[in-house]
Amino acid sequence: MKSLIINQYSTMHALMSGVFDGMFSIAEISQGGSFGIGCSHALAGEMIALDDTFFEIQGTGNVRRFSEYDQLPFAQLTYFHPSEQFPVSDISKKELYSELSAQINIDNIFVAVKIEGIFKEIWLRRTNYQEKPYKTFVEATVEQSENILQNVSGVMVGFWTPDIFHGISVAGFHIHFIDDARKNGGHVFDFELQNGLLSYELKQNIKVHLPDNSEYINADLKMNDLADAIRKSEG
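Residues numbered from 1 in each chain as written. Predicted model: local features only at pLDDT ≥ 70, side-chain atom pairs only at ≥ 80, totals over all residues. Heavy atoms only, no water.

A word on the overall build of the protein chain
The criterion, for reference: Each helix corresponds to a stretch of at least 4 residues labelled H or I by DSSP, and each strand to a stretch of at least 2 residues labelled E; elements are numbered beginning at the N terminus. When we talk radius of gyration, it's over C-alpha atoms, and the globule rule is simply 2.2 Å times the number of residues to the 0.38. Burial classification: accessible surface area is computed with a 1.4 Å probe over protein chains only, and a residue below 20% of its type maximum counts as buried, one above 50% as exposed, and the rest as partly exposed. Residues are treated as being in contact if the distance between any of their heavy atoms lies within 4.5 Å. Methods summary: accessible areas were calculated by the Shrake-Rupley approach with a probe of 1.4 Å, and residue burial reflects only the protein chains presented. None of His or the chain ends enter the tally, which takes Lys and Arg as positive and Asp and Glu as negative. Just so you know, the charge point we use is NZ for Lys, CZ for Arg, CG for Asp and CD for Glu.
Check the secondary structure of the protein chain and you find 6 helices and 14 strands. Rg of the C-alpha trace for the protein chain: 16 Å, near the compact-globule value of 18 Å for 235 residues, within the 12% margin. The principal-axis extent of the C-alpha atoms belonging to the protein chain is close to 45 × 35 × 35 Å. Of all 235 residues assigned to the protein chain, the portion counted as buried reaches 57%. Look at the contacts in the protein chain between residues 6 or more apart in sequence, and 79% of them connect residues 24 or more apart. For the protein chain, the accessible surface area stands at approximately 10500 Å², while carbon and sulfur atoms represent 47% of it. Between the mean site of the 18 positive side-chain charges and the mean site of the 31 negative ones, the protein chain shows a separation of 1 Å.

Describing the nonpolar core
Short version of the rule: The criterion is simple. A nonpolar core is a set of buried Ala, Val, Leu, Ile, Met, Phe, Trp, Tyr and Cys residues joined through side-chain atoms within 4.5 Å.
Counting 25 residues, the largest nonpolar core has Ile115, Phe119, Ile122, Met156, Phe177 and Phe191 as the members making the most contacts within it. If you list the elements that add at least two residues to this core, you get β9 (84–92), α3 (93–101), β10 (110–126), β11 (145–161), β12 (172–179) and β13 (185–203). Sorting elements by how many residues they give to this core places β10 first, with 6 residues. If we skip the residues at most four places from it in the chain, Phe191 touches Ile91, Ser92, Lys93, Leu96, Ile115, Phe119, Glu121, Ile122 and Met156.

Topic: the environment of Met156
If you trace the backbone, Met156 turns up in strand β11. Residue classification places Met156 among the buried positions, given a relative accessible area of 1%. The spatial distance from the C-alpha of Met156 to the C-alpha of Ile48 is 8.9 Å, given a sequence separation of 108 residues. Filtering out sequence-adjacent residues up to four positions away, Met156 remains in contact with Val113, Lys114, Ile115, Phe119, Ile122, Ile175, His176, Phe177, Val188 and Phe191.

Structural notes on the sheet that holds strand β8 (residues 74–78)
The test is simple: Strands pair, by our definition, only if DSSP identifies at least two bridges between them. Only the stretch in contact is used when fitting a helix axis, every axis being a line fitted to C-alpha atoms; angles between N-to-C directions are given from 0 to 180 degrees.
Ordered by their spatial adjacency, 7 strands build an open sheet running β6-β5-β4-β3-β8-β1-β14, and the pairing between neighbours is mixed. With one partner strand each, in any of the chains shown, β6 (63–65) and β14 (205–209) form the two edges of the open sheet. Strand-to-strand twist across the sheet, computed as the mean angle between neighbouring axes with direction ignored, equals 15 degrees.

Examining the confidence of the model for the protein chain
Our working rule: Scored between 0 and 100, pLDDT is the confidence that the predictor attaches to each residue.
With 94% of its residues at a pLDDT of at least 70, the protein chain reaches an overall mean of 92. The weakest mean pLDDT in the protein chain belongs to helix α6 (residues 226–234) at 67; the strongest belongs to strand β7 (residues 71–72) at 98.

Description of the side chain of Lys203
We count it as follows: In protein, a polar contact requires one atom able to donate a hydrogen and another able to accept it; more generally it is a pair of N or O atoms within 3.5 Å, and residues adjacent in sequence count only if both atoms are side-chain atoms.
Looking at where Lys203 falls in the secondary structure, it is placed in strand β13. Of the polar contacts made by the side chain of Lys203, one reaches the backbone oxygen of Tyr79; its length is 2.7 Å. Contact partners of Lys203, with chain neighbours within four places excluded, come to Ser3, Leu4, Ile5, Ile6, Thr78, Tyr79, Ile109, Phe110, Val111 and Ala112.

Listed below in structure tokens is the structure:
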């Protein structure tokens, strides 16, 4: 059955404020979709879900499959049934907007996006495990692991979010990558695609699932520079 809903667990606002404890199990969030992105408990790594499999790309660079018991502080999931797909070549993250906008106006709607192909270069970030008391997300990413992969085949998974939802989610493209060998990946800052296949599906609804534990309920989520903090940390 086709789903037009993105199920989001917690908010970027909470994550930016340092709410890093895992509060949603893989077993729970998998009920909301098999395609999406997120991050690990205590920011130990990045999550990417595709083909009903949930991968953790750790800050150390290791890639493993999550168990159903693993807990995440943040995730976005959906069921992906592409509306359209078409070949693309020689584009970067910045040009991805133009490619999709040439097909349909995406300014006021969510879009699930998948790109499979060969990348000339891809700039990745992986968060690293944080100890309590947690810092803010921007402070934590000072310790992040970054690397640039060249001439690599793989798949990017993520979402386009309209500007009006910035803070709940990440406005613009929020994309994660994993290579075909399932040995490397992370959060995508930028990329240069040689050639590949772009698939997308418009999503009309977002359902936000808020945590009910004390860490979230008692968290101070007041941030004057929230929009800038998200853009600085997410690229």
